[in-house]
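Report on the structure
Residue-level listing of the chains:
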Amino acid sequence: MGLDRLDNIMKRLRDRDTGCEWDSVQTFETIAPYTIEEAYEVADAIHRGDMDALVDELGDLQLQVVFHARMAEEAGHFTLQDVLTRISDKLERRHPHIFGAADEGGHHLWEVIKAEERAKLDDKSALAGVAQALPALERAMKLQKRAARTGFDWPDIEGPKAKIREELDEIAAAAPEELEEEVGDLLFAVVNFARFLKIEPEEALRKANRKFEARFRTIEQAPGFADMNLDQMEELWVAAKKDPAEA
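Cut-offs applied
- Residues numbered from 1 in each chain as written.
- Predicted model: local features only at pLDDT ≥ 70, side-chain atom pairs only at ≥ 80, totals over all residues.
- Heavy atoms only, no water.
- Salt bridge = Lys/Arg side-chain N within 4 Å of Asp/Glu carboxyl O.
- Helix = DSSP H or I, 4+ residues; strand = E, 2+ residues; numbered from the N terminus.
- Core = buried A, V, L, I, M, F, W, Y, C linked by side-chain atoms within 4.5 Å.
- Buried < 20%, exposed > 50% of the residue type's maximum accessible area, 1.4 Å probe, protein only.
- Contact = heavy atoms within 4.5 Å.
- Patch = residues over 30% accessible without salt bridge, like charges linked within 9 Å, V, L, I, M, F, W, Y side chains within 5 Å.
- Areas by Shrake-Rupley, 256 points an atom, 1.4 Å probe, with all protein chains shown as cover.
- Expected span 1.5 Å × (residues − 1).
- Axes fitted to C-alpha atoms, helices over the stretch in contact; angles between N-to-C directions.
- Parallel < 35°, antiparallel > 145°, perpendicular 65-115°, else oblique.
- Left-handed = near helix turned anticlockwise from the far one by under 90°.
- Nonpolar A, V, L, I, M, F, W, Y, C, P; charged D, E, K, R; others polar.
- Lys, Arg positive; Asp, Glu negative; His and termini not counted.
- Charge placed at Lys NZ, Arg CZ, Asp CG, Glu CD.
- Phe/Tyr/Trp six-rings, centres within 6.5 Å; stacked < 30°, edge-to-face > 60°.

1. Remarks on the pattern of salt bridges
One pass over the structure, following the stated rule, counts 13 salt bridges. The residue R48 makes a salt bridge to D44 at a minimum N-O spacing of 2.8 Å. With a gap of four residues between them, R48 and D44 both fall in helix α2 (residues 28–48), about one helical turn apart. Beyond isolated ion pairs, a larger network of salt bridges with shared partners links D7, R70 and E73.

Here is the structure:
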């Protein structure tokens, strides 16, 4: 089996005597950034519609799972089989309409079951389990959604809109040492606004990044760009915005 082969390869690479000098000394902490990076590279391949790249990137992401499981087995915590068993059990448990006796399923039932599972944890907060390592915009969205389920939410979209204006005013009046906190509050308010619009802020910002990059790469190709003043650069920017190729 392919997964067994990959696990055995990683076992050899991790051998302290005969393995790879880099792989053998890695830890959960040193590998975690690569795990996050590989997940984003999967998303990027999907966005580009590059199925050949997606095959590679999914393999790289699978390697991260095997790598962490191998380190865990070496330390006596759990094995790769434990990982596979745990996710299989979870999927069956959260789909009782498929694998159990429930008549109906869907996202609502999934969330109900997740809430029941969280209630069994030591941390009883509605916010329990929202990973600290998530991108900040995504984590803000998840925190807000969790809080909203308890009833702690604006009654309509006018609340988030007003909060954005309030945070802008607070930034204008803030002392230098307060600016970071106030800008953070503004970003949190913008995420709340996006939530009411049913827009994922992380994806919205990724698209904005791609759009900015494409436009800037266009205007910086103009002859003499480096010597232009801001007004001249702005003219190019406006022209690039109107370019039908961006549509």
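Read on for the rest.
2. Topic: the nonpolar core
Core analysis: the largest hydrophobic core is formed by seven residues, namely M10, I31, V66, F67, A69, M71 and L80. Looking at this core, the element that brings in the most residues is helix α3 (residues 51–74), giving four residues. Apart from the residues within four sequence positions on either side, M10 is in contact with D23, L63, V66, F67 and R70. If you look at the next biggest cluster of nonpolar residues, it comprises six residues, including I219, A222, F225 and W237.

3. Points about a nonpolar patch on the surface
Residues L84, I87 and L91 make up a contiguous nonpolar surface patch of about 210 Å² in total accessible area. One can find L91 in helix α4 (residues 80–93).

4. A few points about helix α9 (residues 179–196)
Helix length check: α9 (18 residues) gives 26 Å between terminal C-alpha atoms against 26 Å at 1.5 Å per residue, within 8%. Within the sequence span of α9, burial applies to E182, L186, A189, V191, N192, A194 and R195. Tucked into the core, α9 has its buried residues touching α7 (136–149), α8 (158–173) and α10 (201–219).

5. Focus: the packing of α2 against α3
The N-to-C vectors of α2 and α3 enclose an angle of 160 degrees; their axes lie 8 Å apart at closest approach. What the angle tells us is that α2 and α3 run roughly antiparallel. Relative to α3, the crossing made by α2 is left-handed. Within the contact between the two elements, α2 uses F28, I31, A32, Y34, T35, E38, A39, E41, V42, A45, I46 and R48 and α3 uses A53, L54, E57, L58, D60, L61, Q64, F67, H68, M71 and A72. Taken together, the residues that form the contact of α2 with α3 break down as 15 nonpolar, three polar and five charged.

6. Topic: the packing of α7 against α10
At a minimum axis distance of 8 Å, the contact between α7 and α10 shows a crossing angle of 155 degrees. Judged by the inter-axis angle, α7 sits roughly antiparallel to α10. From α7, L137, E138 and M141 reach across to α10, where they touch P201, E202 and L205. A per-class count over the contact of α7 with α10 returns four nonpolar, no polar and two charged.

7. Notes on the side chain of R94
Relative to the helices and strands, R94 is located in the loop between α4 and α5 (96–99). Apart from residues no more than four positions distant in its own chain, R94 is found in contact with W110, I113, K114 and E117.

8. A look at a negative patch on the surface
There is a patch of like negative charges on the surface, built from D169, E170, E177, E178, E180, E181 and D185. Elements with a minimum of two residues in the negative patch: α8 and α9. Per element, the largest residue contribution to the negative patch is three residues, and it comes from α9. On the secondary structure map, D169 appears in helix α8. On the basis of relative accessibility, which here comes to 56%, the residue D169 falls in the exposed class.

9. Quick look at the environment of A115
Note on placement: A115 falls in helix α6 (residues 107–119). As a C-alpha pair, A115 and A128 span 13 residues in sequence and 9.9 Å in three-dimensional space.

10. Regarding the packing of aromatic side chains
Aromatic ring pairs are defined here through the distance separating the ring centres and the angle between the ring planes. For the structure shown, the criterion picks out four aromatic pairs. Summarising the aromatic geometry, the rings of W22 and Y34 are spaced 5.8 Å apart at their centres and angled 85 degrees between planes, so their arrangement reads as edge-to-face. Pair noted here: W22 is in the loop between α1 (2–13) and α2 and Y34 is in helix α2, with a separation of twelve residues, a long-range link. The class for W22 is partly exposed, based on a relative accessible area of 38%. Y34 sits in the partly exposed class, given a relative accessible area of 37%. Measuring from ring centre to ring centre gives 5.8 Å for F216 and F225, while their planes differ by 85 degrees; the resulting arrangement is edge-to-face. Residue class for F216 comes out partly exposed when judged on its relative accessible area of 32%. Residue classification places F225 among the buried residues on the basis of a relative accessible area of 12%. Following the ring pairs from residue to residue traces out a cluster consisting of F212, F216, F225 and W237.

Coordinates in, geometry out; function isn't part of it.
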